[in-house]
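A structural walkthrough
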Amino acid sequence: QVQLVESGGGLVQAGGSLRLSCAASGSIFSIYAMAWYRQAPGKERELVAATTSGGSTNYANSVKGRFTISRDNAKNTGYLQMNSLKPEDTAVYYCNAVVASAATRQYRPYWGHGTQVTVSS
């Protein structure tokens, strides 16, 4: 079984920074892609940023130039560096990873439980 655990959320003032982490654990054979999604109250979950094992990245237009996604393959951990935070960035942030377990060697998506990010004005 594979688990994703997010950390690093919290309360920050507008203009501040936070760094989210997503640690994958369990019987992992390979991680193809990691991504961050967010869901604000009353809104649908949306993609914030994603990266593949090849190093390609993509970002939502609303966070381009402010957020940076990265990963440490040796630690099976992904990160989201968030700078110049705005009140509209307030949401629960979820980690998503496409992982092949050691048992099945088949890729499937996994989700973390989310971490709250609140940006005050």
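As a starting point, this report considers the structure included with it. (Residues numbered from 1 in each chain as written. Predicted model: local features only at pLDDT ≥ 70, side-chain atom pairs only at ≥ 80, totals over all residues. Heavy atoms only, no water.)

Along its length, the protein chain carries zero helices and eleven strands. Relative to the globule expectation of 14 Å for 121 residues, the C-alpha radius of gyration of the protein chain, 14 Å, shows essentially globular dimensions. Counting only C-alpha atoms and orienting by the principal axes, one finds that the protein chain spans roughly 45 × 25 × 25 Å. Counting over 121 residues, the protein chain shows a buried share of 40%. Within the protein chain, contacts between residues separated by at least 24 positions form 57% of all contacts whose residues are at least 6 apart in sequence. Just so you have it, the protein chain exposes about 6,400 Å², and 48% of that area is on carbon and sulfur atoms. The average position of the 11 basic charges and that of the 6 acidic charges among the side chains of the protein chain differ by 6 Å. (Helix = DSSP H or I, 4+ residues; strand = E, 2+ residues; numbered from the N terminus. Rg over C-alpha atoms; globule rule 2.2 N^0.38 Å. Buried < 20%, exposed > 50% of the residue type's maximum accessible area, 1.4 Å probe, protein only. Contact = heavy atoms within 4.5 Å. Areas by Shrake-Rupley, 256 points an atom, 1.4 Å probe, with all protein chains shown as cover. Lys, Arg positive; Asp, Glu negative; His and termini not counted. Charge placed at Lys NZ, Arg CZ, Asp CG, Glu CD.)

Across the sheet, four strands lie side by side as β1-β3-β8-β7; this open sheet has antiparallel pairing. Strand pairing shows two members of the sheet lacking a second neighbour, β1 (2-7) and β7 (67-72), which therefore form its edges. When the angles between neighbouring strand axes are averaged without regard to direction, this sheet yields 15°. (Pairing = 2+ DSSP bridges. Axes fitted to C-alpha atoms, helices over the stretch in contact; angles between N-to-C directions.)

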